[in-house]
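# Overview (structure and organization)
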Amino acid sequence: TERKHCRRFSNGGSRAGPEGERPSREIRGDRTRQTRGDMEGPEEQALVRQTAREFAERVVRPVVMRYDESQEFPSEVMRQLGTLGFMGAMVGEEYGGAGLSPLDFVAMVEEISRVDPSVGLGVCAHNGLCVAHLALFGSEEQRRRFLPPLCSGEALGGHCVAREDPVPGEQL
């Protein structure tokens, strides 16, 4: 199995292990599966870091001041991050994610944040507050329905915390 980000910036070779196991740490439905990805060496992280750095320099840097000065949200940048698999970074490929390890994710966010911290924070919020919760706690139907557009960057996720009012009229 190939990773989306590998296809864009490398020869696209397979990253499968000797038993055909995908070398990553992936959020898979109601469990997190640990694989060889937790012990991946600097080569994998270097590829993710290089991909994120090249993207940040080529796509984010030219527009960073425009978005900052106009106080607009960089929707187009976020969609493009989705094409690299970074908007579903640690989600398994069966839901459209990239299946990155946590260390790969940190390297990616670090490189994007080096150019524009607000985009890095947006990637973290989308992946951590929305996508990860759906992947871990959503029903299979919810994962199949919502994760593919979130992972591709077609949709942007947020997070809302609400509680049922236990006593009518009680102030929250």
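In the block above lies the structure referred to throughout.
A brief look at the structure comes next.

What counts and how
Residues numbered from 1 in each chain as written. Predicted model: local features only at pLDDT ≥ 70, side-chain atom pairs only at ≥ 80, totals over all residues. Heavy atoms only, no water. Helix = DSSP H or I, 4+ residues; strand = E, 2+ residues; numbered from the N terminus. Buried < 20%, exposed > 50% of the residue type's maximum accessible area, 1.4 Å probe, protein only. Contact = heavy atoms within 4.5 Å. Areas by Shrake-Rupley, 256 points an atom, 1.4 Å probe, with all protein chains shown as cover. Axes fitted to C-alpha atoms, helices over the stretch in contact; angles between N-to-C directions. Parallel < 35°, antiparallel > 145°, perpendicular 65-115°, else oblique. Left-handed = near helix turned anticlockwise from the far one by under 90°. Nonpolar A, V, L, I, M, F, W, Y, C, P; charged D, E, K, R; others polar. Salt bridge = Lys/Arg side-chain N within 4 Å of Asp/Glu carboxyl O. Arc of directions from axis to C-beta. Phe/Tyr/Trp six-rings, centres within 6.5 Å; stacked < 30°, edge-to-face > 60°. Lys NZ or Arg CZ within 6 Å of the ring centre and 35° of its normal. 1 Å grid on protein atoms, 1.4 Å probe; cavity = no way out; pocket = protein on both sides within 12 Å on 5 of 7 lines; lining within 4 Å. Points joined across faces, edges and corners; volume = space filled by probe spheres on them.

Time to look at the overall build of the protein. Helix and strand counts for the protein stand at 7 helices and 2 strands. Listed by position from the N terminus, the elements making up the protein come as α-β-β-α-α-α-α-α-α. For the protein, with 172 residues in total, the buried portion stands at 43%. Across the protein, the fraction of contacts at a sequence separation of at least 24, relative to all contacts at a separation of at least 6, is 61%. Looking at the protein as shown, the accessible area adds up to about 9400 Å², and 53% of this sits on carbon and sulfur atoms.

When two helices pack together, their arrangement is given by the angle between the helix axes and by the axis-to-axis distance. Between helix H2 (residues 42-60) and helix H5 (residues 102-115), whose axes approach to 8 Å, the crossing angle comes to 25°. It follows that H2 is roughly parallel to H5 by the angle criterion. Between H2 and H5 the crossing geometry is right-handed. Taking contact as the criterion, the partners of Glu 44, Gln 45, Val 48, Arg 49, Ala 52, Arg 53, Ala 56, Glu 57 and Val 60 in H2 are, on H5, Leu 103, Asp 104, Ala 107, Met 108, Glu 110, Glu 111, Ile 112, Arg 114 and Val 115. Considered class by class, the residues forming the contact of H2 with H5 number 9 nonpolar, 1 polar and 8 charged.

Let us look at the pattern of salt bridges. Counted according to the given criterion, the structure contains 9 salt bridges. Glu 76 serves as the salt-bridge partner of Arg 79, at 3.3 Å between the closest nitrogen and oxygen. Residue Arg 79 and its partner Glu 76 are located together in helix H4 (residues 75-83), separated by 3 residues, close to a single helical turn. Overall, Glu 76 belongs to the partly exposed group, its relative accessible area being 38%. Ionic pairing is found between Arg 143 and Glu 140, a salt bridge with its closest N-O pair at 2.7 Å. In this pair, Arg 143 and Glu 140 both sit in helix H7 (residues 140-152), 3 residues apart, roughly one turn of the helix. With relative accessibility at 7%, the residue Arg 143 sits in the buried group. Owing to a relative accessible area of 32%, Glu 140 belongs among the partly exposed residues under this scheme. Salt bridges sharing partners connect three or more residues here, namely Arg 49, Arg 53, Glu 57, Arg 61, Glu 110, Glu 111 and Arg 114.

Looking now at H4. Of all the residues in H4, the buried ones are Val 77, Met 78, Leu 81 and Gly 82. An end-on view of H4 places all buried positions within 150° of arc, on one side of the element. On its buried side, H4 packs onto H2, helix H3 (64-70), H5, helix H6 (117-137) and H7. Just downstream of H4, Gly 85 is the residue with a positive phi angle, here 90°.

A word on the packing of aromatic side chains. For the structure on display, the rule yields 0 aromatic pairs. For Arg 66, the ring lying beneath its charged end belongs to Tyr 67, and the centroid distance is 4.6 Å.

Turning to the layout of surface pockets, a few remarks are in order. Estimated volume of the largest pocket: approximately 180 Å³. Lining of the largest pocket is provided by 13 residues; of these, Glu 72, Pro 74, Asp 116, Ser 118 and Val 119 occupy positions nearest its centre. Put simply, the parts of the chain that give the lining of the largest pocket at least two residues each are H3 and H6. Here the lining of the largest pocket takes 4 residues from H6, the largest share from any one element. Of the residues assigned to the lining of the largest pocket, the class counts are 7 nonpolar, 3 polar and 3 charged.

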